[in-house]
Amino acid sequence: HEMVFDLMFELGGTEEQLNFPVVYGSAKNNWMGEDWQKPTENIDYLLDTILEYIPAPERLEGTPQLLITSLDYSNYTGRIAIGRVHRGTITEGMNITIAHRDGTMEKTKIKELQTFEGMGRQKATAVSSGDICAVIGLEKFEIGDTITDFENPEPLPTIAIDEPTMSMLFAINDSPFFGKEGKFCTSRQRLEKELQKDLALRVEQGADTDRWIVSGRGVLHLSVLVETMRREGYELQVGQPQVIYHEIDGVRHEPIEELMINVPEEFASKMIDMVTRRKGEMVKMESAGDRVNLEFDMPSRGIIGLNNLVLTLSAGEAIIAHRFLEFQPWKGDIERRQNGSIIAMETGNAFAYALNNLQ
């Protein structure tokens, strides 16, 4: 409790925030209670505390409004719109208007509504302000469109969809490990399915018929796709992430990201040195107790592999976040690691003696 209090104080917590309620418990043993020495039989105390201290959301009455913020796809029902009801109530079989991003209006009808429960969804007859739901039966819609009243449509402010900033080569597995890890060896159909629900993804045919260039919003976006496909049983080979360059007025431009690092004061100089070596430019430095907030403008290619390095140099203390900012003129070459790579040609345990001789 004292360590949490000290952390909140170092992060600049107000007096109200420092006077926080405390719930003790064990996720492993499935209990939450008021006293850490007296385990309870369930997590009711946590839920009661949430109801007591967190204000209930305000329900907005009026004509229905729902901003589509995510997509899903089903082989049976096609594309599915997902979003939170901002205002009013939406019912199954209701006539509605879709206000598209480009300002056009389309009259249509909702066939089915579903709400989320646990890892799945269940059918619902009506959803109201504050509910997150899936809407089935709509045909033409994209992220940023608004589901609104049939007679008097009032669109909500749309949301921007970032352009892809990185690409990776996806190829059929033709390595010596072919067929040993997964049950699906061709991933083209899976990538086409992903395009139905991920508007920021791009898939282009590569030099050969069994190669595809997959573009996304960054390393995390692409790595989540790779890991999801791996868990679903797909075998594939992937290339190194490559930054997408734009030619603007005859000048080569690259994606720049806003990088924020929160780190203990003694590690700040290491962070600054490492980021500037990767062509990052510091734009802000603020002290918050014993920690420092650092803000940089950083080329996307410099962020590849940065996370592990930051955690290593800060002994695991750093908090790192980044987001796309804009395209700027190319910043020049970034020095690369001196080490090479050893590629395995057969399965088995890797021993230090053998690796030492190989390198």
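Before reading on, note that the structure itself is shown above.
All values reported here derive from a predicted model rather than from experimental measurement.

A word on the packing of aromatic side chains
For step 1, the next point in the chain: Going through the model one piece at a time under the given rule, you end up with 1 aromatic pair.
For step 2, the next point in the chain: Ring geometry for Phe324 and Phe327: centres 5.6 Å apart, planes at 65 degrees, overall edge-to-face.
For step 3, the next point in the chain: According to the relative accessible area criterion, Phe324 is partly exposed, its value standing at 25%.
For step 4, the next point in the chain: We note Arg252 situated over the ring of Tyr245; from NZ or CZ to the ring centre the distance is 3.9 Å.
For step 5, the next point in the chain: Its guanidinium or amino end placed over the ring of Trp330, Arg252 lies 5.1 Å from that ring's centre, counting from NZ or CZ.

Quick word on the side chain of Asp72
For step 1, the next point in the chain: With respect to the secondary-structure elements, Asp72 resides in strand β3 (residues 65-74).
For step 2, the next point in the chain: Residue classification places Asp72 among the buried positions, given a relative accessible area of 18%.
For step 3, the next point in the chain: Within the structure, the side chain of Asp72 is placed 3.1 Å from the side chain of Arg121, a separation counted as a polar contact.
For step 4, the next point in the chain: The contacts of Asp72, once residues within four sequence positions are left out, are Gly78, Arg79, Ile80, Ile82, Arg121 and Lys197.

Quick notes on the sheet that holds strand β8 (residues 112-117)
For step 1, the next point in the chain: Read from one edge of the open sheet, 8 strands run β7-β6-β12-β3-β4-β11-β8-β9, paired in antiparallel fashion. Bordering the open sheet on either side are β7 (105-109) and β9 (120-124), each of which pairs with just one other strand. Looking at each pair of strands side by side, their axes are set apart by 40 degrees on average, direction ignored.
For step 2, the next point in the chain: Sheet topology note: the β3/strand β12 (residues 146-149) ladder contains 3 bridges and is antiparallel. If you follow Gln65 over to β12, its bridge partner there is Thr148.

Here's the deal with the pairing of strand β19 (residues 251-264)
It is a general feature of regular strands that their side chains alternate between the two faces of the sheet.
For step 1, the next point in the chain: Of all 14 residues in β19, 11 are buried, a share of seventy percent or more.
For step 2, the next point in the chain: As paired elements, strand β18 (residues 246-248) and β19 share 3 bridges and run antiparallel to each other. The partner of His246 across the bridge, within β19, is His253.
For step 3, the next point in the chain: Taken together, β18 and the strand that follows it, β19, pair antiparallel across an intervening segment of 2 residues, in which Asp249 is found at a positive phi of about 55 degrees.
For step 4, the next point in the chain: Summarising the sheet, β19 and strand β22 (residues 319-329) pair through 10 bridges and their orientation is antiparallel.

Quick word on the pattern of salt bridges
For step 1, the next point in the chain: This model, assessed by the stated rule, comprises 14 salt bridges.
For step 2, the next point in the chain: Ionic pairing is found between Asp273 and Arg277, a salt bridge with its closest N-O pair at 3.1 Å. Taken together, the positions of Asp273 and Arg277, both in helix α6 (residues 268-277) and 4 residues apart, correspond to about one turn of that helix.
For step 3, the next point in the chain: The exposure class of Asp273 is partly exposed, given its relative accessible area of 39%.
For step 4, the next point in the chain: Within the structure, one salt-bridge network assembled from shared partners comprises Arg190, Glu194 and Glu232.

Points about the packing of α6 against helix α8 (residues 306-313)
For step 1, the next point in the chain: Here α6 crosses α8 at 155 degrees, and the two axes come no closer than 10 Å. Here α6 lies roughly antiparallel to α8, going by the angle between them. The handedness of the crossing between α6 and α8 is right-handed. Seen from α6, the contacting residues are Lys270, Met271 and Met274; seen from α8, they are Leu306, Leu309, Val310 and Leu313.
For step 2, the next point in the chain: Of the residues contributing to the contact of α6 with α8, the split by class is 6 nonpolar, no polar and 1 charged.

Thoughts on the pairing of β9
For step 1, the next point in the chain: Strand direction decides the pairing type here: β8 and β9, joined by 5 bridges, are antiparallel. Within the sheet, the bridge partner assigned to Phe116 lies in β9 and is Arg121.
For step 2, the next point in the chain: Following β8, the chain reverses through 2 residues before pairing antiparallel with β9; Gly118 in that reversal takes a positive phi of roughly 65 degrees.

The rules behind each value
- Residues numbered from 1 in each chain as written.
- Predicted model: local features only at pLDDT ≥ 70, side-chain atom pairs only at ≥ 80, totals over all residues.
- Heavy atoms only, no water.
- Phe/Tyr/Trp six-rings, centres within 6.5 Å; stacked < 30°, edge-to-face > 60°.
- Buried < 20%, exposed > 50% of the residue type's maximum accessible area, 1.4 Å probe, protein only.
- Lys NZ or Arg CZ within 6 Å of the ring centre and 35° of its normal.
- Helix = DSSP H or I, 4+ residues; strand = E, 2+ residues; numbered from the N terminus.
- Polar contact = N/O pair within 3.5 Å; in protein donor to acceptor, adjacent residues only side chain to side chain.
- Contact = heavy atoms within 4.5 Å.
- Pairing = 2+ DSSP bridges.
- Axes fitted to C-alpha atoms, helices over the stretch in contact; angles between N-to-C directions.
- Salt bridge = Lys/Arg side-chain N within 4 Å of Asp/Glu carboxyl O.
- Parallel < 35°, antiparallel > 145°, perpendicular 65-115°, else oblique.
- Left-handed = near helix turned anticlockwise from the far one by under 90°.
- Nonpolar A, V, L, I, M, F, W, Y, C, P; charged D, E, K, R; others polar.

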